[in-house]
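Listed below, chain by chain, are the residues.
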Amino acid sequence: MKVTDPASRRDGAVADILVEDGAIRAVGQRIDAKDAEIIDGEGRLHAAPGLVDMHVHLRDPGFPDKEDILSGCRAAAAGGVTSLLCMPNTKPAVDTPETVRYILDKAANADAHVYVAAAITKGLGDAAELCDFQALREAGACAFSNDGRPVVDSRKMAQAMRAAAELGVPVVSHCEDLYLSAGGLMNEGAVSRALGVPGVPAAAEDCGTAREIALAAAYGVPVHICHVSTKTSVALIRDARRRGVQVTGETAPHYFALTDEELRDRDADKRMSPPLRTEEDRLTVIEALRDGTLQAIATDHAPHTPQEKADFAKAPNGSIGMETSLAAGITFLVKPGLLTMTELIRLMSTSPARLLGLHAGTLAEGAPADVVVFDPDEVWTVDPDSLHGKSRNAVFKGRELTGRVKATICGGRFVWREGV
Ligand SMILES: [Zn+2]
Ligand SMILES: [Zn+2]
């Protein structure tokens, strides 16, 4: 098996991996292990640390028709994701220790390690008071975020960032000026004008990014920017990092793979927030992944039922992505020679694990046995009906992708296996 593990400087050289009692026991040439079950990669398959997806909506508690913790983790397993951070916009929102514990208890038997981002404000409300960060942290929360309901009150956001920094827990911020984006269904630009559809200007995202950077700089605290999609947000983050501001960022596969041209067929499955942008934005996002301005690729896996997605104008934002993220990375970044496989795995596993402070994202001896095994050359077509979560709103549906997950091992247990 070719082994790619950026944390141990393995760049795809053939090696064996021995897993024992839920941990990586050894990685090396021709390991002898009596009675071990063997996956033979035949020089064709790659193994890498299981993917770490730091932006996922599991919809549980509250929206079992869309997804629940167990079904969401089945989708994760099929996509090679072994650790995920779930967002707090559930019902109730994740604003109490009880809800954090509910998710963690239910996830104990799931097919992926689940980490919880708790809400910044009670009920994700803008006028509401801050949650009790200390209590949420003690219950197991690993990050704080209001995701799609950004904190409009900048004073309150500053207070949240400082409180989270004191606890050493990241704030992950969905950047959106809600006044600028109000009523918009897709990126504001030539395509939205041609279609006569109300747009969301890039400035809505950029104003949010600029504010978070200003607060991080003013108070000397870190902030992580979610799903970056615009060229100006990339420029703001790049500049801030050069100035020593503690800002990190992620993007999602659809922003480096697709543009607003996709919306010409008025298919609500391709509507999300922030929206698919222009070719110039797409190319800038790729450049940001290449030069280290953005450190992670996360999916913003956002399940919605076919009924909810039926009407282009009324459908809620979001697309599912955990079962296609690795293939999208290989197809749009590795195959065209924009990133090496090692760089892709760093963005999808090593680096997000580090950003969240997780014991994951490495195949070093003694690490948890979280492994993805994939065929980087297998070509397949994304059929939403053969995916494994509850919803079908896949942004890459019908598309031919290269790279297929063949097995996923989570905590030493096979949670996904197909033909190996
Ligand atoms: Zn968001
Ligand atoms: Zn989200």
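Refer to the preceding data block for the structure.
Scoring rules and cut-offs
Residues numbered from 1 in each chain as written. Chains lettered and ligands numbered in written order. Predicted model: local features only at pLDDT ≥ 70, side-chain atom pairs only at ≥ 80, totals over all residues. Heavy atoms only, no water. Helix = DSSP H or I, 4+ residues; strand = E, 2+ residues; numbered from the N terminus. Rg over C-alpha atoms; globule rule 2.2 N^0.38 Å. Buried < 20%, exposed > 50% of the residue type's maximum accessible area, 1.4 Å probe, protein only. Contact = heavy atoms within 4.5 Å. Areas by Shrake-Rupley, 256 points an atom, 1.4 Å probe, with all protein chains shown as cover. Lys, Arg positive; Asp, Glu negative; His and termini not counted. Charge placed at Lys NZ, Arg CZ, Asp CG, Glu CD. Donors = N, O, S within 2.8 Å, 3.2 Å for Na, K, Ca; no water. Tetrahedral: all angles 85-135°; square planar, octahedral: opposite > 155°, others 65-115°. Phe/Tyr/Trp six-rings, centres within 6.5 Å; stacked < 30°, edge-to-face > 60°. Lys NZ or Arg CZ within 6 Å of the ring centre and 35° of its normal. Pairing = 2+ DSSP bridges. Axes fitted to C-alpha atoms, helices over the stretch in contact; angles between N-to-C directions. Expected span 1.5 Å × (residues − 1). 1 Å grid on protein atoms, 1.4 Å probe; cavity = no way out; pocket = protein on both sides within 12 Å on 5 of 7 lines; lining within 4 Å. Points joined across faces, edges and corners; volume = space filled by probe spheres on them. Nonpolar A, V, L, I, M, F, W, Y, C, P; charged D, E, K, R; others polar.

What is the right way to read the overall build of the chain from this model?
When helices and strands are tallied, the chain shows twelve helices and 18 strands. Over its C-alpha atoms the chain spans a radius of gyration of 20 Å, differing by no more than 12% from the 22 Å that the globule rule assigns to 420 residues. Along the longest, intermediate and shortest principal axes, the C-alpha atoms of the chain span 65 × 50 × 45 Å. Counting over 420 residues, the chain shows a buried share of 60%. In the chain, the share of contacts with a sequence separation of at least 24, taken over all contacts with a separation of at least 6, comes to 74%. Put simply, the chain shows about 16300 Å² of open surface, and 48% of that area lies on carbon and sulfur atoms. If you average the places of the 46 positive and of the 59 negative side-chain charges in the chain, the two averages end up 2 Å apart.

Honestly, the coordination of the zinc ion (ligand 2) in this entry has me stumped. Any pointers?
Six octahedral donors around a metal ideally make angles of 90 or 180 degrees; four tetrahedral donors ideally make 109.5 degrees. Protein-derived ligands of the zinc ion (ligand 2) are H55 (NE2), H57 (NE2), D147 (OD) and D300 (OD), with the metal-ligand distances lying across 2.1 to 2.3 Å. Each of the four donor atoms bound to the zinc ion (ligand 2) contributes to angles spanning 87 to 174 degrees, and the resulting shape is irregular. When the donors of the zinc ion (ligand 2) are listed by position in the chain, the intervening gaps give H-x1-H-x89-D-x152-D. Between the zinc ion (ligand 2) and the zinc ion (ligand 1), both coordinated by D147, there is a metal-metal distance of 3.3 Å. With H55 in strand 6 (residues 51-56) and D300 in the loop between strand 15 (296-297) and helix 11 (325-334), this residue pair connects regions lying 245 residues apart in the sequence. Residue classification places D300 among the buried positions, given a relative accessible area of 10%.

Would you mind going over the coordination of the zinc ion (ligand 1) with me for this structure?
Coordination of the zinc ion (ligand 1) by the protein comes from D147 (OD), H174 (ND1) and H227 (NE2), over a distance range of 2.1 to 2.2 Å. Mapped onto the polypeptide sequence, the residues donating to the zinc ion (ligand 1) form the spacing pattern D-x26-H-x52-H.

Sorry, what's going on with the packing of aromatic side chains here?
The relation between two aromatic rings is expressed through the spacing of the ring centres and the mutual angle of the planes. Per the counting criterion, the structure on display carries two aromatic pairs. With a centroid separation of 3.9 Å and 10 degrees between ring planes, the pair formed by F133 and F144 is classed as stacked. On the criterion of sequence distance, the pair formed by F133 in helix 3 (residues 133-139) and F144 in strand 9 (residues 141-144) is long-range, its members being eleven residues apart. F144 matches F133 in its accessibility class, with the two residues each being buried. We note R404 situated over the ring of W380; from NZ or CZ to the ring centre the distance is 4.3 Å.

Even after reading the chapter, I still don't get the sheet that holds strand 13 (residues 223-225), so can you show me in this structure?
The strands making up a sheet are joined through hydrogen bonds of the backbone, oriented either antiparallel or parallel. Spatially, the four strands line up as an open sheet ordered 10-13-14-15, and their pairing is parallel. In this open sheet, the two strands that pair with only one neighbour each are strand 10 (172-173) and strand 15. Of the pairings in the sheet, the one linking strand 10 to strand 13 comprises two bridges and is parallel in character. Each residue of the ladder has a partner; that of V172, found in strand 13, is H224. Contacts from helix 7 (residues 202-219) reach strand 10, strand 13 and strand 14 (247-251) within the one sheet, and its direction differs from that of strand 13 by about 165 degrees.

Mind showing me how you'd approach helix 8 (residues 231-242) here?
One turn of an α-helix holds 3.6 residues; hence residues three or four places apart share an orientation. Here helix 8 is twelve residues long and its end C-alpha atoms lie 17 Å apart, about the 16 Å a rise of 1.5 Å per residue gives. For helix 8, the elements touching its buried residues are helix 7, strand 13, strand 14 and helix 10 (279-291). Following helix 8 by one or two positions, G244 has its phi on the positive side, about 90 degrees.

Help me out: how do you make sense of the layout of surface pockets in this one?
To find the voids left in a structure, one rolls a probe of water-molecule size over its atoms. Reported here for the largest pocket is a volume of approximately 640 Å³. Contributions of two or more residues to the lining of the largest pocket are made by strand 3 (16-20), strand 16 (371-381) and strand 18 (413-417). A per-element tally of the lining of the largest pocket places strand 3 first, with five residues. For the lining of the largest pocket, the class distribution of residues is 15 nonpolar, four polar and eight charged. When its volume is computed, the second largest pocket comes out at roughly 390 Å³. Lining the second largest pocket are 21 residues, and of these H57, N89, D147, G148 and N317 sit closest to its centre. Split into classes, the residues belonging to the lining of the second largest pocket amount to five nonpolar, eleven polar and five charged.

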